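Given next are the chains, with one letter for each unit.
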Amino acid sequence: MLMNLSRLTYCTHNQKVKITDIDGGIGAVENIKSFGIVVGDEVLFKSRKNGRGKIVVEYNNNEISLGHELASKILLECSAAPHTTLDQIKVGDIVEVTKMGAKGDVRFRLLDMGLVKGVEIKIIRVAPLGDPIEILINGFNLSLRIDEAKNIEVEVVKINRSRGNGKKRWGMF
Amino acid sequence: MKKQISVALVGNPNSGKTSLFNKIVGANQKVGNFSGVTVEKYEGTVLHQEYELKIIDLPGTYSLTTYSPEEVVTREYILDGHPDIVVNVVDGTNLERNFYLTTQLIDAQANLLVALNMYDEVEQQGTKIDLEQAEKLLGTHLIPTSAVSGLGTEDLLNHIVELFENKISIKRNKLSFSSLMEGYIEKLVKIISTDEELSTKYHPRWLAIKLLVNDKDVYKTVREYPIWIKVNHILSEALAYTEKKYDSDPELMIKEERHALIRGAIKETVKYPAKRKKNTSEIIDSILINRVTGLPLFIFFMWAMFQLTFSLGETPMNWIEAFFGWLGTTLSQIITEPTTRSIIVDGIISGVGGVVIFLPNIMILFFALSFLEGTGYMARAAFVIDKVMHKVGLHGKSFIPMITGFGCSVPAFMATRTLRNRSDRITTLLIIPFMSCSAKFPVYILVAGTFFGAAHAGNALFGIYMLGVVVALITARLLKTAVFKGESEPFVMELPPYRMPSLKILLLQMWQKASLYLRKAGTIILAASILIWIASNYPKSDEITAEYNQIKSDVLLSTDYNEAEKVDVIHKLEFQESSKQLEHSFVGQLGKLIEPVVAPLGFDWKLGIALVTGIAAKEIVVSTMGTLYSLGDVDEDSHDLRSRLLENPNYNQAVALALMVFVLLYIPCVAASIVFHKEAGAWKWTAFYISYTMTVAWIMAFITYNIGKLFLL
């Protein structure tokens, strides 16, 4: 069976997952290790705070709270392509819209901009203060608030790993 | 008289529509307003063959719906204004999104031509478009254009004439949706066609589609007709069925299908290059808005824009000041009749001069804003600062108008036009006055410098500015929760590629906005200046005049002084006389009348009068105080004025602070208030604006004075 790659941040409530890799440099690996988690461990995804907030997992009967950015570096394998919402997607990953769940004015605007079922989106960046996010869609750049993105259901099409590969990394781009 | 063809330019924002407009009409354009709304109307003419083309540049829009005033204006113009030709300017590097509007224009049965703009960039990217096939699929003419290189402009004008003369035509291709949706559309078209009036006014298919996508305006229109019952029946049926079978709704399905149609057409006709090269915009963005440098760079750019406006503007400001000063003195010598002289020199010249002097600042500011907007950085600025703005219920785009308010409220009010949502716009308009404008600065310098000394004046100043910002943010929050509940605009915003705007266009836009400022502020200020002059000079007390004439002639005749000393003494006496006359005038009496109101704030009637004159223009507060202390024409650096203020036992640091707070918060000058009214568009908002600023000013000054009394000297 072909296994799909996923990130811890794309999991759903009460999903049991096995960690297969860390998408980051030595710093990230050490950071995660300090929570007691290493590659090969099995954790239970419990909950996430609103938007790109903290992720809570259960490991060895302990509840561990991880920051969103750190949690997104934890890679796992799952049987199907991961499904989640647009606000959870890590910078660099590519997704396809499966359902436009937004309502009201937001929905009008997003539809006008081409955010419909089937369209492919790449997350380009998160604003310096953490909100809004910038995406690449149909060849142009669109920004929207995390609040506005949370109602858009997506399927993760490609996970782009950072240049870390477990080695030492520097630089801010 | 040449035959006229009316042409409407429609297109997405950032499609280069306005550049194309400017390229075609050049300087033959004028700016006005669409009636009843604060949306600018750009009209121009160009002669081509035997025709005069009257071109109107409609505001940029992504779709023919009706949320913002801009979209309403565009749609109404196309549907009800019946332009002869509609030219849809499309950004060739962004076809999917741009064609979304194109297909709606086709639905509306506009006499359409599509200008495939930015074609130079399309070719540069290596994209190949099969124009013939695309024309067939869309059912309209496509003309490649580039405002930058001039490509296609002649071709476009030819096409306009040919289409007008019916010399060219393309088979209209009905863009069909799915059979399910087409089924409902057909049923609705059948019903609508039974009403003759409605089906002649609007194209039935257009109405049918808009009804299915929940268009509020079309609903309102069709609801007036008897067929509404049958129409509503079909709509409910469609809604129920799509929800049950597809967990969707007709609006979503039609919009999705529209995008799918477009994607299909593009797949057939456009070939994108194999590898998309990392373009310049991406590189620039990775430096300008990355997580580390984004915020500091943003703050730096805002500061730089500000600095530039005031330092570059300083020299021309001095020239203008000198000019008006010269004009004043020359006219003083020419006009001998004292009343006429006074009304012209003290009233009109200083009043109008006070407005014109800001023109260099305003022009530089508008130039900077046009530059930021034209390059595309404005969108990035909103992107970076939105989180902070959103916390108080505002939009990232509110930031720049607010920052502009630190210079002058008038261009700041005008800058709120970028906010498409009405409640965001009104909220921003209401809080801009709290951004301490530069005219208030002389008052702070005078008061803080006098009562707090060099060491602490700076802190007091900073505190005042911060207070303004805090009051603004709290007001925004209050308005959001109490008045504009849940109406804020979605942030969804395009980040256009960085482009270098042409200098010619920047200067043109700067001039257009500046002349709007002159027209608005200038004409009303003239009237207001005269009014205020009358109020500060009349009624005159004959007793005082007689009394001083007596004293002056005594001095002239006396032997106690030599000639030089006499001139000096006469001068001092005249200042004293002005002071007494001011007290006696309408403004003076008003100041005394309001003394009980300002007394709890620690102010006396002299300060009351100064504050009243400050309603005309904030700089006047200082010169009025000068007059009241019989010092003639002084400014904030005046040593004499400072010592007089210190001498007064009723003035102390608490009063000084309260005065600064009051000046910070109370009603802005007449010019600003008038522009506010024009931008807000409703009396109730202007009334609220006046009462709110006065109330907040009074309360805050009261608190400041009473707390200050306890802690300060």
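In this text, all values refer to a predicted model and were calculated from it rather than measured experimentally. (Residues numbered from 1 in each chain as written. Chains lettered and ligands numbered in written order. Predicted model: local features only at pLDDT ≥ 70, side-chain atom pairs only at ≥ 80, totals over all residues.)

1. A word on the interface of chain A and chain B
Counting residues at the interface gives 30 residues for chain A, matched by 32 residues for chain B. Elements with a contribution of two residues or more to the side of chain A that touches chain B: α3 (104–112) and β11 (140–144) of chain A. Looking at the side of chain A that touches chain B residue by residue, the class counts come to 16 nonpolar, six polar and eight charged. Pairing between β11 of chain A and strand β10 (residues 493–495) of chain B: three bridges, direction antiparallel. Bridging across to β10 of chain B, Leu 142 of chain A finds its partner in Glu 494 of chain B. (Contact = placed C-beta atoms within 7 Å. Helix = DSSP H or I, 4+ residues; strand = E, 2+ residues; numbered from the N terminus. Nonpolar A, V, L, I, M, F, W, Y, C, P; charged D, E, K, R; others polar. Pairing = 2+ DSSP bridges.)

2. Concerning the domain arrangement of chain B
All names here are of chain B. Along its sequence, chain B is organised into domain 1 (3–164) and domain 2 (179–271). Look at where the C-alpha atoms of domain 1 and domain 2 centre, and you get two points 26 Å apart. Contacts between the two partners involve 19 residues from domain 1 and, on the opposite side, 18 residues from domain 2. Of all elements in the fold, only α3 (95–107), β7 (128–129) and α5 (131–138) reach the threshold of two or more residues within the side of domain 1 that touches domain 2. (Domains from an automatic or database assignment.)

3. Comments concerning the packing of helix α9 (residues 204–212) of chain B against helix α10 (residues 216–223) of chain B
Residue and element names in this part refer to chain B. Running from N to C, α9 and α10 cross one another at 115°; their axes reach a closest spacing of 8 Å. Judged by the twist between their axes, the crossing of α9 over α10 is left-handed. On the side of α9, the interface is formed by Leu 207, Lys 210 and Leu 211, while α10 contributes Val 218, Tyr 219 and Val 222. (Axes fitted to C-alpha atoms, helices over the stretch in contact; angles between N-to-C directions. Left-handed = near helix turned anticlockwise from the far one by under 90°.)

4. Quick word on the sheet that holds strand β1 (residues 4–7) of chain A
Residue and element names in this part refer to chain A. Judged by pairing direction, the sheet is antiparallel, and its six strands sit side by side in the order β1-β6-β2-β3-β4-β5 without closing on themselves. Taken across any chain shown, the strands that pair with only one partner, and hence form the sheet edges, are β1 and β5 (62–66). The average undirected angle you get between the axes of adjacent strands in this sheet is 45°. Bridge analysis of strand β2 (residues 15–22) against strand β3 (residues 42–48) gives four bridges, and the strand direction is antiparallel. Bridging across to β3, Lys 18 finds its partner in Glu 42.

5. Quick look at the pairing of strand β8 (residues 94–100) of chain A
Put simply, side chains in a regular strand alternate between the two faces of the sheet. Residue and element names in this part refer to chain A. Pairing of β8 with strand β9 (residues 120–126), which is carried by three bridges, proceeds in the antiparallel orientation. Bridged to Glu 96 within β9 is Glu 120. Both β8 and strand β12 (residues 152–158) contribute to a ladder of six bridges, which runs antiparallel. Looking across to β12, one finds that Val 97 is bridged to Val 154.

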